[in-house]
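Residue-level structural notes
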Amino acid sequence: QVQLVESGGGSVQTGGSLRLSCAASGHTFGSYVAGWFRQTPGQERDFVAGISRYGTLTRYADSVKGRFTISRDNAKNTVYLQMNSLKAEDTAVYYCAATSALEPTRTLTDYGYWGQGTQVTVSS
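Reference entry: report on the structure contained in this document. (Residues numbered from 1 in each chain as written. Predicted model: local features only at pLDDT ≥ 70, side-chain atom pairs only at ≥ 80, totals over all residues. Heavy atoms only, no water.)

Attention now moves to the side chain of Arg72. Looking at the element boundaries, Arg72 is found in strand E7 (residues 68–73). For Arg72, which is buried and forms no salt bridge, the nearest opposite charge comes from Asp73, at a distance of 8.4 Å. Looking at Arg72, its side chain comes within polar contact range of the main-chain oxygen of Phe29, at 3.0 Å. A distance of 3.4 Å separates a polar side-chain atom of Arg72 from the backbone oxygen of Arg53. Once you skip the residues sitting within four places of it in the chain, Arg72 turns out to touch Phe29, Gly30, Tyr32, Val33, Ala34, Ile51, Ser52, Arg53, Gly55, Thr78 and Val79. (Helix = DSSP H or I, 4+ residues; strand = E, 2+ residues; numbered from the N terminus. Buried < 20%, exposed > 50% of the residue type's maximum accessible area, 1.4 Å probe, protein only. Lys, Arg positive; Asp, Glu negative; His and termini not counted. Salt bridge = Lys/Arg side-chain N within 4 Å of Asp/Glu carboxyl O. Polar contact = N/O pair within 3.5 Å; in protein donor to acceptor, adjacent residues only side chain to side chain. Contact = heavy atoms within 4.5 Å.)

Laid out in structure tokens, this is it:
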């Protein structure tokens, strides 16, 4: 199993940038496909981005493609989400997740391991 902890959230103005980090411990992180989801109060968690075990395959929600970049450094047991050109609609709690699936999946229930979430707020 693996434990995940997100960090790097905060408040920024429209057009700004943030980089989220997800630190993993437990089982070898390179054994897991990783993904980012986000959620606002009263809403379901939505897929944001996913990355394969060695980082060669990535997938993005249409709403963030071209603005967000997911990456990973297995030597540091960390996955990142670089968020550029942020918009107000990007405001949410962002969650890191891991799955034993062979490819990045957009399906919430495919992910068995979750971090606690980190708040991202975009204003103005």
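To continue, consider the pattern of salt bridges. Inspection of the entire model under this criterion finds three salt bridges. One network of salt bridges, in which partners are shared, links Arg38, Arg67 and Asp90.

Taken as a whole, this structure holds one disulfide when the rule is applied. Paired by a disulfide, Cys22 and Cys96 hold their sulfur atoms 2.1 Å apart. Between Cys22 and Cys96, the S-S torsion sits near -80 degrees, and that sign places the bridge as left-handed. In this pair, Cys22 is assigned in strand E3 (residues 18–26) and Cys96 in strand E9 (residues 92–99), connecting sequence segments 74 residues apart. The residues Cys22 and Cys96 share a single accessibility class, namely buried. (Disulfide = S-S within 2.5 Å.)

Okay, the sheet that holds E7 next. If you trace the four strands from one edge of the open sheet to the other, you get E1-E3-E8-E7, paired in antiparallel fashion. Strand pairing shows two members of the sheet lacking a second neighbour, strand E1 (2–7) and E7, which therefore form its edges. Taken over all neighbouring pairs, the strand axes of this sheet differ in orientation by 20 degrees on average, direction set aside. Across six bridges, the pairing between E1 and E3 is antiparallel. Bridge assignment links Leu4 to a residue of E3, and that residue is Ala24. (Pairing = 2+ DSSP bridges. Axes fitted to C-alpha atoms, helices over the stretch in contact; angles between N-to-C directions.)

Moving on, we come to the environment of Ser123. Here Ser123 shows up in strand E11 (residues 118–123). A residue is classified by how much of its surface remains accessible, and Ser123, at 37% relative accessible area, is partly exposed. Separated by 110 residues in the primary sequence, Ser123 and Gln13 place their C-alpha atoms 4.8 Å from one another. Look past the residues within four positions of Ser123 in its chain and what remains in contact with it is Val12, Gln13 and Thr14.

Next up on the list: unusual backbone geometry. Residues other than glycine seldom take positive phi values, yet Asn77 does so here, at roughly 55 degrees. Its location among the elements puts Asn77 in the loop between E7 and strand E8 (78–83). Among the residues examined, Asn77 registers a relative accessible area of 31% and is labelled partly exposed. Despite not being glycine, Ser124 has its phi angle at roughly 70 degrees, a positive value. Structurally, Ser124 is set in the segment after E11. The exposure class of Ser124 is exposed, given its relative accessible area of 84%.

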